[in-house]
Amino acid sequence: MTTTTPTAADFRSEWAVWHDAHEAARASAHGFLAITSIRWLTGTPERFDDAPGAWSTSEAGPVVTLDDGESIEVDGVAVTGTHRFGPLPERSSTTIAWQDGDERVVIEVARRGGSDVLRPRHPSNPTRTGYTGTPSYSPDPSFAVAAHFEPFDAPRSVTVGSVVDGLQHVYEAPGVLTFDLDGPRSLLAFNGYGDGLLVLFTDRTSGVTTYAANRSLDVPAPDASGATTIDFNRATNLPCAYTPHATCPLPPAENRLDVAVEAGEQLPA
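Residues numbered from 1 in each chain as written. Predicted model: local features only at pLDDT ≥ 70, side-chain atom pairs only at ≥ 80, totals over all residues. Heavy atoms only, no water.

S.K.: I'd like a rundown of the overall build of the protein chain, residues and numbers included.
M.R.: Looking only at helices and strands, the protein chain has 2 helices and 16 strands in total. Principal-axis analysis of the C-alpha atoms gives the protein chain an extent of 65 × 45 × 40 Å. Residues counted as buried form 49% of the 269 residues belonging to the protein chain. Of the contacts formed within the protein chain by residues at least 6 apart in sequence, a portion of 57% connects residues at least 24 apart. Summed over all atoms, the accessible surface of the protein chain reaches about 13,300 Å², with 50% contributed by carbon and sulfur. Charge-centre separation for the protein chain: the mean point of 18 positive side chains lies 2 Å from the mean point of 35 negative side chains. (Helix = DSSP H or I, 4+ residues; strand = E, 2+ residues; numbered from the N terminus. Buried < 20%, exposed > 50% of the residue type's maximum accessible area, 1.4 Å probe, protein only. Contact = heavy atoms within 4.5 Å. Areas by Shrake-Rupley, 256 points an atom, 1.4 Å probe, with all protein chains shown as cover. Lys, Arg positive; Asp, Glu negative; His and termini not counted. Charge placed at Lys NZ, Arg CZ, Asp CG, Glu CD.)

Encoded structure:
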C-alpha cells in the first residue's frame, strides 16, 4: 500500500478552503457581526429599540410580552401575547425570529455568567455590512505540531474571566495538551465540539499583531494513545475582537504561551 505525504501546496489549499468557510460563516446574515446590542435582562420588563416586546427574567427564565400587532417566530410557529422560555442552562442559547419591515431578524436568548441576555441580530448592522475580512498569517506547516493529550483523573471545573468586567465562565477541562514549539509547551484543554478539544490562549504576538485578549483553537479528538495535532494556522478570533456585544472568556493563566505564534488570524482589519 502506498501512502502520500501532503505537500506544502496541499496544506495551503486545505487551509484556504477552511479559512474561506470560516469567513463566510462569520459574515453570514445572522452571524455575530449582525448583533446590534446585548441586553442584560432583569425582573423589570423592558422594551428595546431593536427587538419587539417587553423582556424580563426570573428564576423561571426569560419572558417576552408582545403588544397587539407584534409577533415572533418560535420554532417556525408565529407567537403572540406572552412567551416563556423557561430556565436556560449556562452557556446555552436559543433563537427566535422577528420580521422587522423587510428585514428578517434573529434574536438570540442566552445565559452567560449566571445572567440571561438578549442579543438581536440584524443583517443590516454596519459591523456586518462593512466587514472586509480578517488578515491572517500565511499558512505554515511548521505551526501544525504533534501533541499528546494527558487526561486528568477526573475532569476539572475551571473558572476563567471574561471581556465583560465581573463576568466569569466555568469550563470543564479534561486534561492538558503537551507539545513542542520552540521548546516544550502545554495548554489546558477544555471540552470542545463532539469529541474534540478547545483551547483558549495568548502568546507573544497578542496585542501586537494578534488580538490581545485571546485566540481560540479547535483540536481534533486524541486517538487511543493520546496523539493529536494542534494546528495553530487555524487559530481564530473570538467575537469580542469584532463587537462590544460579546461575553467572550479569557484564557486560563496556564495558556499564556511564552512564544510568538505567528500563525492563524491576526488583528481585525
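S.K.: Account for the nonpolar core, with residues named and values stated.
M.R.: Judged by nonpolar contacts, the single largest core of 22 residues is most densely connected at Val158, Ala173, Leu188, Phe190, Cys240 and Tyr242. Among the secondary structure elements, those contributing two or more residues to this core are β11 (144-160), β12 (169-180), β13 (184-191) and β14 (197-201). (Core = buried A, V, L, I, M, F, W, Y, C linked by side-chain atoms within 4.5 Å.)

S.K.: Which residues make up unusual backbone geometry, and what values do they have?
M.R.: With a phi close to 65 degrees, Arg91 is a non-glycine residue in the positive phi region. The class of Arg91 is partly exposed, set by a relative accessible area of 35%.

S.K.: Give a description of helix α1 (residues 8-26) that names residues and reports values.
M.R.: Taking 1.5 Å as the rise per residue, α1 with 19 residues should run 27 Å; its terminal C-alpha atoms sit 27 Å apart, in good agreement. All of the buried residues along α1 are Phe11, Trp15, His19, Glu23 and Arg26. For α1, the arc enclosing every buried residue in end-on projection is 90 degrees, short of the 170-degree limit, so these residues lie on one face. Exposed positions of α1 whose direction lies more than 90 degrees from the buried face are Val17 and Asp20. (Expected span 1.5 Å × (residues − 1). Arc of directions from axis to C-beta.)

S.K.: Describe the sheet that holds β11, and please don't skip the residues or the numbers.
M.R.: Read across the open sheet, the 6 strands follow the order β15-β14-β13-β12-β11-β16; overall the sheet is antiparallel. Across the chains shown, the open sheet's two edge strands, defined by having one partner strand only, are β15 (215-219) and β16 (227-231). Taken pair by pair, the neighbouring strands of this sheet meet at an average axis angle of 45 degrees, ignoring direction. (Pairing = 2+ DSSP bridges. Axes fitted to C-alpha atoms, helices over the stretch in contact; angles between N-to-C directions.)

S.K.: Any chance you could break down the layout of surface pockets for me, citing the residues and the numbers?
M.R.: In this structure, the largest pocket occupies an estimated 1,200 Å³ of space. If you trace the largest pocket, you find 42 residues lining it, with Tyr193, Leu198, Ser216, Leu238 and Pro239 closest to the centre. For the lining of the largest pocket, the secondary structure elements donating two or more residues are α1, β9 (103-112), β10 (115-121), β12, β13, β14, β15 and β16. For the lining of the largest pocket, the element with the highest residue contribution is α1, accounting for 7 residues. Looking at the lining of the largest pocket residue by residue, the class counts come to 19 nonpolar, 12 polar and 11 charged. (1 Å grid on protein atoms, 1.4 Å probe; cavity = no way out; pocket = protein on both sides within 12 Å on 5 of 7 lines; lining within 4 Å. Points joined across faces, edges and corners; volume = space filled by probe spheres on them. Nonpolar A, V, L, I, M, F, W, Y, C, P; charged D, E, K, R; others polar.)

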